[in-house]
Amino acid sequence: MPLFAGIEIGGTKLQLVVGDETGKITQRRKFAVEPAKGAAAIREQIQRAMPDLTRANNIESVGVGFGGPVDWKTGRICRSHQIEGWSEFDLGGWLGQLSGLRAFVDNDANAGALGEARHGAGVGFNPVFYVTLGSGVGGGLVVDGKVYHGTTPGEAEIGHVRLDRSGTTVESRCSGWALDAMIRQLTTKEPTGALARRLGDTPGGEAKQLAAALEQGDATARRVLNQTAEDLAFGLSHVVHLFHPAVIVLGGGLSGIGEPLRATVEKALRNFVMDAFAPGPRVALAELGEDAVPVGAVELARAMMEDGRAGDTRCVRRDQ
């Protein structure tokens with residue numbers, strides 16, 4: 001069975017995997033990213049790990065999910081919002097020289113969307129909209145099994161959708177850091193609840209305590225969940241009205257809250273969707289977890305090679 005390399009380049013982690021056409025990961029290398037060391041340090045990590053993967057396996061091509069806007073047609077990075085040193089870097093060309101293979105680059109949320117659509121919670125649905133809720137908020141749209149890009153750089157930036165005219169965005173209300181700040185503020189006023197008791201003295205990572213506090217029936221945790229779900233659902237209602245996805249898949253670290261998040265978002269979304277589109281799309285939790293992006297990167301590499309041309313493929317929709 002043909003094998004492909006998939007790479008996830010994020011602001012906090014780097015993953016290199018080998019996978020097959022069924023989406024199964026057969027090998028993995030995972031590294032922590034130190035943002036202060038910049039893009040050069042990440043490239044050094046890739047340089048050290050890539051030769052072992054390619055020598056030990058019959059790799060046909062390389063796919064990349066990159067954490068930031070990219071020119072998916074050329075493989076050139078537009079910029080990273082978290083790591084210095086990526087702007088205008090020809091990542092596709094560099095990886096091609098390093099590995100001796102064809103390398104294809106897309107935004108990480110697009111890769112995650114492709115992974116979930118082809119091998120995860122989106123299987124059997126069309127179109128599929130994927131939203132990743134982590135340190136930031138990103139999204140991807142897959143139509144007929146292909147990532148929809150539009151014009152370059154071509155990301156479905158749901159995190160930058162505005163919730164009002166003053167500039168409040170989905171990301172500023174629904175990202176991990178936004179929930180951390182909301183939880184810290186509310187628990188300062190309500191210090192006796194289960195959520196407050198689970199927090200340490202050092203700020204950061206408060207959202208990780210939300211699921212456990214919800215299980216304990218904490219009222220503050222429920223307020224945070226309801227507010228976040230309502231804001232996210234309002235942003236997603238624009239996706240529904242414009243693209244009519246059959247399913248919306250919730251991924252990223254905050255999706256670990258699980259069924260309470262899924263059910264609350266689905267219920268809130270119904271209130272924002274016009275009657276003609278009721279009851280709206282299904283809302284599902286991502287099935288691939290942290291493998292959504294690397295599996296999507298493997299799928300990107302597979303589909304690009306199947307078509308045989310770097311600029312016109314089965315996994316992307318051209319804007320020409």
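About the cut-offs
Residues numbered from 1 in each chain as written. Predicted model: local features only at pLDDT ≥ 70, side-chain atom pairs only at ≥ 80, totals over all residues. Heavy atoms only, no water. Axes fitted to C-alpha atoms, helices over the stretch in contact; angles between N-to-C directions. Helix = DSSP H or I, 4+ residues; strand = E, 2+ residues; numbered from the N terminus. Left-handed = near helix turned anticlockwise from the far one by under 90°. Contact = heavy atoms within 4.5 Å. Nonpolar A, V, L, I, M, F, W, Y, C, P; charged D, E, K, R; others polar. Core = buried A, V, L, I, M, F, W, Y, C linked by side-chain atoms within 4.5 Å. Buried < 20%, exposed > 50% of the residue type's maximum accessible area, 1.4 Å probe, protein only. Phe/Tyr/Trp six-rings, centres within 6.5 Å; stacked < 30°, edge-to-face > 60°. Lys NZ or Arg CZ within 6 Å of the ring centre and 35° of its normal. Expected span 1.5 Å × (residues − 1). pLDDT = per-residue confidence, 0-100. Salt bridge = Lys/Arg side-chain N within 4 Å of Asp/Glu carboxyl O.

**Details of the packing of helix 5 (residues 176–189) against helix 8 (residues 219–243)**
Running from N to C, helix 5 and helix 8 cross one another at 145 degrees; their axes reach a closest spacing of 10 Å. The chirality of how helix 5 crosses helix 8 is right-handed. Together, Leu179, Met182, Ile183, Leu186 and Thr187 of helix 5 and Thr220, Arg223, Val224, Gln227 and Thr228 of helix 8 make up the contact between the two elements. Split into classes, the residues belonging to the contact of helix 5 with helix 8 amount to five nonpolar, four polar and one charged.

**What about the nonpolar core?**
Grouped together as the largest cluster of nonpolar side chains are 39 residues, with contacts concentrated most on Leu210 and Leu236. Secondary structure elements with two or more residues in this core: strand 8 (128–133), strand 9 (137–143), helix 4 (170–174), helix 5, helix 7 (210–215), helix 8, strand 11 (247–251) and helix 9 (259–272). By residue number, the principal contributor to this core is helix 8, which donates nine residues. Leaving out residues up to four positions away in the same chain, Leu210 has contacts with Leu179, Ile183, Leu195, Ala221, Val224 and Ile257. Grouped together as the second largest cluster of nonpolar side chains are 30 residues, Ala39, Ile83, Trp86 and Leu95 included.

**So, the packing of aromatic side chains**
Applying the stated criterion across every chain yields a total of five aromatic pairs. A ring pair is formed by Tyr148 and Phe243, whose centres lie 6.4 Å apart and whose planes are at 50 degrees; its orientation type is tilted. In this pair, Tyr148 sits in strand 10 (residues 146–148) while Phe243 sits in helix 8, placing the two residues 95 residues apart along the sequence. Overall, the relative accessible area of 34% leaves Tyr148 in the partly exposed class. By relative accessible area, Phe243 is classed as partly exposed at 38%. The structure contains a cluster of three or more aromatic residues connected by ring pairs, namely Phe66, Trp86, Phe89 and Trp94. Over the ring of Trp86 we find Arg43; its NZ or CZ atom is 5.1 Å from the centre of that ring.

**Points about the environment of Cys174**
Along the chain, Cys174 falls in helix 4. For the pair formed by Cys174 and Gly134, sequence separation is 40 residues and the distance between their alpha carbons is 8.7 Å.

**Let's talk about unusual backbone geometry**
The peptide bond linking Asn126 to Pro127 adopts the cis configuration, its omega dihedral lying at 0 degrees. Geometrically, the link from Ala278 to Pro279 is a cis peptide bond, its omega value of 5 degrees lying close to zero. One non-glycine residue, His244, adopts positive backbone phi at about 50 degrees. Along the chain, His244 falls in the loop between helix 8 and strand 11. The exposure class of His244 is partly exposed, given its relative accessible area of 40%.

**Topic: helix 5**
Between its first and last C-alpha atoms helix 5 spans 20 Å; for 14 residues at 1.5 Å apiece the expected length is 20 Å, and the two agree. On its buried side, helix 5 packs onto helix 4, helix 6 (194–198), helix 7 and helix 8.

**Observations regarding the environment of Gln227**
Assignment of secondary structure puts Gln227 in helix 8. A C-alpha to C-alpha distance of 9.9 Å links Gln227 and Leu179, two positions 48 residues apart in sequence. Contact partners of Gln227, with chain neighbours within four places excluded, come to Arg173 and Met182.

**Focus: the confidence of the model for the protein chain**
Taken as a whole, the protein chain shows an average pLDDT of 91; of its residues, 96% reach a score of 70 or greater. Across residues 309–320, confidence stays below pLDDT 50; counting only partners more than four residues off in sequence or on other chains, it has 42 contacts.

**Comments concerning the side chain of Glu266**
Position of Glu266 among the secondary structure elements: in helix 9. Excluding anything up to four places from it in sequence, Glu266 contacts Pro281, Arg282 and Val283.

**Things to note about the pattern of salt bridges**
Note that side chains of opposite charge can pair when their charged atoms are close. Counted according to the given criterion, the structure contains 13 salt bridges. Residue Glu299 pairs with Arg118 through a salt bridge whose shortest N-O separation is 3.2 Å. Note that Glu299 is positioned in helix 10 (residues 292–307) and Arg118 in helix 3 (residues 108–119), a separation of 181 residues in sequence. For Glu299, a relative accessible area of 3% gives the class buried. Across the salt bridge formed by Arg173 and Asp231, the nearest N and O atoms sit 3.2 Å from each other. Of this pair, Arg173 sits in helix 4 while Asp231 sits in helix 8, and the two are 58 residues apart along the sequence. Given the relative accessible area of 29%, Arg173 is considered partly exposed. Several salt bridges converge on common partners, so that one network encompasses Glu259, Arg262, Glu266 and Arg270.

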